[in-house]
Amino acid sequence: SPPMPPAVPLTALARPDDDVITIGTDFSGMDMPVIQLARILRGSGKKIRHIFACDINDDARHFISCNHPPEAMHHDVTKRPVPDDRLDVYVAGPPCQAWAGEGKRQGLDDSKGRGLLYHCSIDFIVNALPLVAIVENAAQLATYRDVDGSLFIDNVETRLRIAGYKVHRFVVGA
């Protein structure tokens, strides 16, 4: 896989006239991106405005609400509206079972519809246009082919480039 792109200080994301970085997360889990962003920004004078979190799991939503409550909490990514305020950072971790080698690798044809949820993240990005978007998933996603034989991830990256994004793809060893 290609090397990771050079790091950009997250403190540079805040608009010059604003000391607030906005963030929203889908498939939020424990919402670790918000926790880590708070750690990164500690002492910088920048603040976080947690616009939304979305997770289908009741326990995850409860954890988020107790520890770093967002302005809006959603339970269904397919019904979550695009917020009025533009996000600086959007992070999503759609379910990996449809792509992972340990699963059935059904991709978009996943019997539980999990493969289609990847599109929710990409649709959100091209509609809401956050300054930075991070979508993580299983490494096997990079080898999944669409019905026409093309690589699914290449088609996703094309959509993001058309929307004006510079796309970096890399695998992080876990």
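Residues numbered from 1 in each chain as written. Predicted model: local features only at pLDDT ≥ 70, side-chain atom pairs only at ≥ 80, totals over all residues. Heavy atoms only, no water.

Asker: Please explain the nonpolar core as it appears in this structure.
Answerer: Generally speaking, soluble globular proteins have nonpolar side chains that are buried together. By size, the foremost hydrophobic cluster in this structure holds 26 residues, and its most contacted members are Tyr90, Trp99, Tyr118, Phe152 and Leu160. Going through the elements one at a time, β2 (47-54), β4 (89-92), α3 (117-128) and α4 (152-162) are the ones with two or more residues in this core. For this core, the leading source of residues is α3, giving seven residues. Not counting chain neighbours up to four residues away, the residues in contact with Phe152 comprise Trp99, Leu108, Tyr118, His119, Leu141, Tyr144, Arg145 and Asp146. (Core = buried A, V, L, I, M, F, W, Y, C linked by side-chain atoms within 4.5 Å. Buried < 20%, exposed > 50% of the residue type's maximum accessible area, 1.4 Å probe, protein only. Helix = DSSP H or I, 4+ residues; strand = E, 2+ residues; numbered from the N terminus. Contact = heavy atoms within 4.5 Å.)

Asker: Can you walk me through the environment of Gln140 in this structure?
Answerer: For Gln140, the position within the fold is in the loop between β5 (132-135) and α4. Sequence-distant contacts of Gln140, defined by excluding residues within four places in its chain, comprise Trp99, Ala100, Gly101 and Arg105.

Asker: Looking at this model, I keep getting lost on the layout of surface pockets. Mind explaining?
Answerer: In this approach a probe as big as a water molecule rolls over the atoms, and the regions it shows empty are the leftover space. Volume-wise, the second largest pocket comes out at about 280 Å³. Lining of the second largest pocket is provided by 13 residues; of these, Phe27, Ile56, Val77, Pro95 and Leu117 occupy positions nearest its centre. Each residue belonging to the lining of the second largest pocket can be placed in one class, and the counts come to six nonpolar, four polar and three charged. (1 Å grid on protein atoms, 1.4 Å probe; cavity = no way out; pocket = protein on both sides within 12 Å on 5 of 7 lines; lining within 4 Å. Points joined across faces, edges and corners; volume = space filled by probe spheres on them. Nonpolar A, V, L, I, M, F, W, Y, C, P; charged D, E, K, R; others polar.)

Asker: Where do I start with the pattern of salt bridges in this structure?
Answerer: In a structure, side chains of opposite charge can pair up when their charged atoms sit close to one another. Inspection of the entire model under this criterion finds 10 salt bridges. A salt bridge links Lys47 to Asp19; its shortest N-O distance comes to 3.5 Å. On the criterion of sequence distance, the pair formed by Lys47 in strand β2 and Asp19 in the segment before β1 (20-26) is long-range, its members being 28 residues apart. Judged by its relative accessible area of 32%, Asp19 is partly exposed. A salt bridge links Asp123 to Arg159, with the shortest nitrogen-to-oxygen separation between them at 2.8 Å. You can see Asp123 sitting in helix α3 and its partner Arg159 sitting in helix α4, a full 36 residues away along the chain. By relative accessible area, Asp123 is classed as partly exposed at 30%. Take Arg159: its relative accessible area is 31%, and that puts it in the partly exposed class. Residues joined by salt bridges that share partners form a network here, namely Asp154, Glu157, Arg161 and Arg169. (Salt bridge = Lys/Arg side-chain N within 4 Å of Asp/Glu carboxyl O.)

Asker: Would you mind going over the sheet that holds β2 with me for this structure?
Answerer: Strand-to-strand pairing in sheets goes through backbone hydrogen bonds, with the strands running parallel or antiparallel. Read across the sheet, five strands follow the order β3-β2-β1-β4-β5 without closing on themselves; strand pairing throughout is parallel. The open sheet has two free edges, formed respectively by β3 (72-74) and β5, since each of these has just one partner strand. Averaged over all pairs of adjacent strands, the angle between their axes in this sheet comes to 20 degrees, without regard to strand direction. Here β2 pairs with β3 via three bridges, running parallel. Following the sheet pairing, Phe52 is matched in β3 by Ala72. Against the sheet, helix α1 (residues 32-41) engages β1, β2 and β4, with an angle of about 160 degrees to β1. Lying on the sheet, α3 is in contact with β2, β4 and β5; it crosses β5 at an angle near 175 degrees. (Pairing = 2+ DSSP bridges. Axes fitted to C-alpha atoms, helices over the stretch in contact; angles between N-to-C directions.)

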